[in-house]
There are 2 protein chains.
Amino acid sequence: MDERTSVAATLQAEILESMPLADAMDIRIRRYTGDELEMTAPLAPNVNDKGCAFGGSLASLMTLAGWGLVRLALDARAGRVRAAPYDIYVQDSAIRYLAPVWQDFHALARLADASALPAFFDALDARGKARLRVHCSVPLADGSEAATLDAQFVALARADT
Amino acid sequence: MDERTSVAATLQAEILESMPLADAMDIRIRRYTGDELEMTAPLAPNVNDKGCAFGGSLASLMTLAGWGLVRLALDARAGRVRAAPYDIYVQDSAIRYLAPVWQDFHALARLADASALPAFFDALDARGKARLRVHCSVPLADGSEAATLDAQFVALARADT
């Protein structure tokens, strides 16, 4: 297991332990490349009245994947430099539901601007608070997208540190 | 139990029966006035890593309340006029997370434009498909809002009818 796979596995365990809804959704982290986080969920616990994936489950999986991407970027930096621990909150999101999802699904999260991380870290060091935009999608097997989410996350230095 | 309370209770039972995640979130319909639908969820099954409500739970509750409002408007009309059964999907949503939620919470859904229903019904009759915008919020005890959602829903006549 390489280091990225190991930190992703740790994050998955923390999410499933601390968030009952993520556990009910049966989410898993499938892949983390440093630039992209892929999170999966089976259809069964996430169906709606029509038998396809509930919009709230798609929104939750994409939000959680985006949150996890920011979390892992901060954790990777904490492994390199001395930095305060941060809490990460979603601030806003715009979601488009493009096609119903009739099978198990996954969300891909990546930074909206891959070059935004240094400025994000600088703002955190200077003000203890910084924002980062993330783009997520739920791809289908044919290459199209079932849903997309564009969200802004804010990281805040923990008050107790 | 008046008629609106009765149809809301039926809808709640259908949601909890058909949607495992709504059951895991422990949602309830508290009030339906015809113009407004109020849906509740306890904090415990919806907490995040920080101990406040998971953004995905807030998004899911608001989406479900908006969906339920459209569902009940269609059901009320079906009780008055002969109309095809419809499936309702969320198409897009814009969510703002304004404050963390540290207690049980509820979502209020109402039409973005209260006068839009006649045109929505006319479009359904003419084309078997129509869109309706809904505004939802998660109010806090002090009168402020913890989150808002503006979403568009589409109703489609069922293919099997």
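The structure we're discussing is the one just above.
Residues numbered from 1 in each chain as written. Chains lettered and ligands numbered in written order. Predicted model: local features only at pLDDT ≥ 70, side-chain atom pairs only at ≥ 80, totals over all residues. Heavy atoms only, no water.

Participant: If you had to explain the overall build of chain A to someone new, which residues and values would you point to?
Facilitator: Across its full length, chain A carries four helices and six strands. From first element to last, N terminus to C terminus, chain A shows the α and β order α-α-β-β-α-β-β-α-β-β. In terms of C-alpha radius of gyration, chain A reaches 16 Å, essentially the compact-globule figure of 15 Å for 161 residues. Reported as C-alpha extents along the three principal axes, the dimensions of chain A are approximately 50 × 30 × 30 Å. (Helix = DSSP H or I, 4+ residues; strand = E, 2+ residues; numbered from the N terminus. Rg over C-alpha atoms; globule rule 2.2 N^0.38 Å.)

Participant: I'd like a rundown of the relation of the copies chain B and chain A, residues and numbers included.
Facilitator: In screw terms, the move from chain B to chain A is a rotation of 180° and a rise of 0.0 Å along the axis, fitting with an RMSD of 0.0 Å. As the rotation angle and translation indicate, the two copies are arranged about a two-fold axis. When C-alpha distances to the rotation axis are compared across chain B, the minimum falls at B:A94, with a value of 2.2 Å. (Least-squares fit on C-alpha atoms with pLDDT ≥ 70 in both.)

Participant: Can you explain the interface of chain B and chain A? Please cite residues and give values.
Facilitator: Counting residues at the interface gives 34 residues for chain B, matched by 34 residues for chain A. Across the chain B to chain A interface the summed buried area is about 2700 Å²; carbon plus sulfur atoms make up 66%. Across the contact surface, chain B and chain A share zero salt bridges. Here chain B is connected to chain A by nine residue pairs in polar contact (both at pLDDT 80 or more). (Contact = heavy atoms within 4.5 Å. Buried area = accessible area lost by both parts, 1.4 Å probe. Salt bridge = Lys/Arg side-chain N within 4 Å of Asp/Glu carboxyl O. Polar contact = N/O pair within 3.5 Å; in protein donor to acceptor, adjacent residues only side chain to side chain.)

Participant: How would you summarise the pairing of strand 6 (residues 145-157) of chain B if you had to cite specific residues and measurements?
Facilitator: Residues and elements named next belong to chain B. Note: strand 3 (residues 86-97) against strand 6, 11 bridges, orientation antiparallel. Pairing of D87 across the sheet is with L156, part of strand 6. Across 11 bridges, the pairing between strand 5 (residues 129-139) and strand 6 is antiparallel. Bridge pairing links A130 to A155 in strand 6. (Pairing = 2+ DSSP bridges.)

Participant: Describe in detail the pattern of salt bridges, supporting the description with residues and values.
Facilitator: A side chain of one charge can pair with a side chain of the opposite charge when the charged atoms of the two come close. Here the structure, examined in full by the defined rule, presents 18 salt bridges over all chains. Between A:R31 and A:E36 there is a salt bridge, and its shortest N-O distance comes to 2.9 Å. Measuring nitrogen to oxygen at the nearest pair gives 3.2 Å for the salt bridge that ties B:R28 to B:D26. For B:R28, a relative accessible area of 35% translates into the label partly exposed. Each of A:R30, A:R31, A:E36 and A:E38 takes part in salt bridges that share partners, so that together they form one network. (Buried < 20%, exposed > 50% of the residue type's maximum accessible area, 1.4 Å probe, protein only.)

Participant: Can you tell me about the sheet that holds strand 2 (residues 36-41) of chain A, naming the residues and giving the values?
Facilitator: Strand order across the open sheet formed by 12 strands is 1(A)-2(A)-4(A)-5(A)-6(A)-3(A)-3(B)-6(B)-5(B)-4(B)-2(B)-1(B), with antiparallel pairing between neighbours. The open sheet is flanked by strand 1 (28-32) of chain A together with strand 1 (28-32) of chain B, the only strands paired with a single partner. Shown here is a sheet whose adjacent strand axes are inclined to one another by a mean of 25°, direction ignored. Where strand 2 (residues 36-41) of chain B and strand 4 (residues 105-111) of chain B come together, six bridges link them in antiparallel fashion. From the neighbouring strand, B:A41 faces strand 4 of chain B, where its bridge partner is B:F105. Strands strand 1 and strand 2 of chain B of the sheet are contacted by helix 1 (residues 3-18) of chain B, whose axis makes an angle of about 160° with strand 1 of chain B. (Axes fitted to C-alpha atoms, helices over the stretch in contact; angles between N-to-C directions.)

Participant: Please provide a residue-by-residue account of the environment of A:L156, values included.
Facilitator: Within the secondary structure, A:L156 is located in strand 6 (residues 145-157). The sequence separation of A:L156 and A:K129 amounts to 27 residues, and the corresponding C-alpha distance is 4.6 Å.

Participant: How would you sum up the packing of aromatic side chains? Please name residues and give values.
Facilitator: With the rule as written, the count across this model stands at two aromatic pairs over all chains. Ring geometry for A:F120 and A:F121: centres 5.7 Å apart, planes at 50°, overall tilted. Given the relative accessible area of 9%, A:F121 is considered buried. In this structure, A:K50 packs its charged tip against the face of B:Y89, placed 4.7 Å from the ring centre. (Phe/Tyr/Trp six-rings, centres within 6.5 Å; stacked < 30°, edge-to-face > 60°. Lys NZ or Arg CZ within 6 Å of the ring centre and 35° of its normal.)

Participant: Give a detailed account of the layout of surface pockets, specifying residues and quantitative values.
Facilitator: Residues and elements named next belong to chain A. Of the voids in this model, the largest pocket is the one considered here, and its volume is about 490 Å³. Looking at the largest pocket, it is lined by 19 residues, and the ones nearest its centre are R4, Y32, G34, A73 and A76. Elements represented by at least two residues in the lining of the largest pocket include exactly helix 1 (3-18), helix 3 (55-78), strand 4 (105-111) and helix 4 (117-127). Among the elements that line the lining of the largest pocket, the one with the most residues is helix 3, at five residues. Looking at the lining of the largest pocket residue by residue, the class counts come to 10 nonpolar, three polar and six charged. (1 Å grid on protein atoms, 1.4 Å probe; cavity = no way out; pocket = protein on both sides within 12 Å on 5 of 7 lines; lining within 4 Å. Points joined across faces, edges and corners; volume = space filled by probe spheres on them. Nonpolar A, V, L, I, M, F, W, Y, C, P; charged D, E, K, R; others polar.)

Participant: Any details on the packing of helix 3 of chain A against helix 4 of chain A? Residues and values, ideally.
Facilitator: Between two packed helices, what matters for the description is the angle formed by their axes and the separation of those axes. Residue and element names in this part refer to chain A. As a packed pair, helix 3 and helix 4 sit with axes 12 Å apart at the nearest point and diverge in direction by 70°. When the axes of helix 3 and helix 4 are compared, the pair comes out roughly perpendicular. Side by side, helix 3 and helix 4 meet where V70, A73, L74 and R77 of the first sit next to L117, F120, F121, L124 and D125 of the second. Across the contact of helix 3 with helix 4, the residue classes break down as seven nonpolar, no polar and two charged. (Parallel < 35°, antiparallel > 145°, perpendicular 65-115°, else oblique.)

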